[in-house]
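Here's the letter readout for the chains.
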Amino acid sequence: MAQNPHENAAPLVELWRGPILESLHHGHAVICDEQGGIVEAWGDPDAVILPRSSVKMIQALPLLTSGAGKSLSTEQLALACASHNGAAIHTDRVRTWLADLGLSDDDLRCGPQFPDDRAAREGLIKSDASPCQVHNNCSGKHCGFLTLNRHLGGGPDYVDPDHPVQKSVLEAFETVTGESSPGFGIDGCSAPNFAASLHGIARAMAWFASAAERSDTMSRAAAQLVEAMHTHPELVAGEKRACTELMRAMDGVAIKTGAEAVFIGILPEQKRGIAVKIADGSTRASEAVIAQLLVRLGALDPDHPSTRRRVNASVLNRRKVEVGLIRCTEALQ
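Report follows, based on the coordinates. Since we're looking at a predicted model, the values are computed, not measured. (Residues numbered from 1 in each chain as written. Predicted model: local features only at pLDDT ≥ 70, side-chain atom pairs only at ≥ 80, totals over all residues. Heavy atoms only, no water.)

**Overview of the nonpolar core**
Thought 1: Counting residues in hydrophobic clusters, the biggest one holds 102 residues, and the most contacted among them are I58, L61, V289 and L294.
Thought 2: Per-element accounting of this core gives the leading share, nine residues, to helix α8 (residues 198–209).
Thought 3: Setting aside its immediate chain neighbours within four residues, L294 contacts M250, V253, I255, L267, I274, A299 and L300. (Core = buried A, V, L, I, M, F, W, Y, C linked by side-chain atoms within 4.5 Å. Buried < 20%, exposed > 50% of the residue type's maximum accessible area, 1.4 Å probe, protein only. Helix = DSSP H or I, 4+ residues; strand = E, 2+ residues; numbered from the N terminus. Contact = heavy atoms within 4.5 Å.)

**Concerning the pairing of strand β12 (residues 322–328)**
Thought 1: Bridging between strand β1 (residues 10–17) and β12 involves five bridges; their strand directions are antiparallel. Bridged to W16 within β12 is L325.
Thought 2: When strand β11 (residues 313–316) meets β12, the two strands line up antiparallel, connected through four bridges. When the sheet's bridge partners are listed, S314 is paired in β12 with L325. (Pairing = 2+ DSSP bridges.)

**Brief notes about helix α12 (residues 283–296)**
Owing to its 3.6 residues per turn, the α-helix brings residues three or four apart onto one side.
Thought 1: Between the first and last C-alpha of α12 there are 20 Å, a value that for 14 residues agrees with the 20 Å anticipated at 1.5 Å per step.
Thought 2: A285, S286, E287, A288, V289, I290, A291, Q292, L293 and L294 are the residues of α12 that are buried.
Thought 3: A positive phi of about 80° marks G298, the residue just after α12. (Expected span 1.5 Å × (residues − 1).)

Right, here's the structure in full:
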């Protein structure tokens, strides 16, 4: 059996109900500087994880470095980095992108998904319609893959790990993390998701954070993607989502969640990169930690409503009575 990457996880988030510590979430967090060095770390920086959707900006790098995406708008670049809600603002743009390519929903390989957006979901249910692949939260990323695939002249199964699209993604991933990936898992959208250490992922995010100061092709591509994300936070996730709300609360910072409680942060002003993984996969904990670290680094107002909904947040019962508190451990304060 493979070694447990979480055996050295640190206690990061507490849930108190009255005077009782009811739950405790362990995990890892790393902050890197622009040279890739560790500024601060909790848990094990060398723990190897699957970053899931938190690294979509890395997966989008070949789209720009190849020249395939040179005519794309900032909205399309934001969607290429998105895990969207499937709202009309997302699906309308995805459909237009596919039409511009002369392609359709059938050319996607991400699979159908009921949208998380309530209006879109209820609209499908009321019309007795089935969700399409454009509703998949990764459909923007897959439009990016299709755009790159057309440029590379690859076959239709662009999610195959041996496909030229995924080989270019792996090359970019290993370049910016500074590591040889030890393997991959197949993500919910059927694309390979390459593994790396928390340090490697934070190193990559710090590289993105300082990209605007460099002039090489890959750095220019990274700077474009960061700008697109923080310019269009509503496209990266959606209303009431942590990515969207917290990016709106900050200036120039890009953040991105991933399944199983991964979160990254790209802070251009501070030239810092953040990688977070909660061992038990709890989203409430990963959101609390990323918010606390953004506060710690001076990028996020601790009293902003979007912050307070996620860290030092009240736990309410069904009568809306405050009965507890979610907070980060003292080590993160």
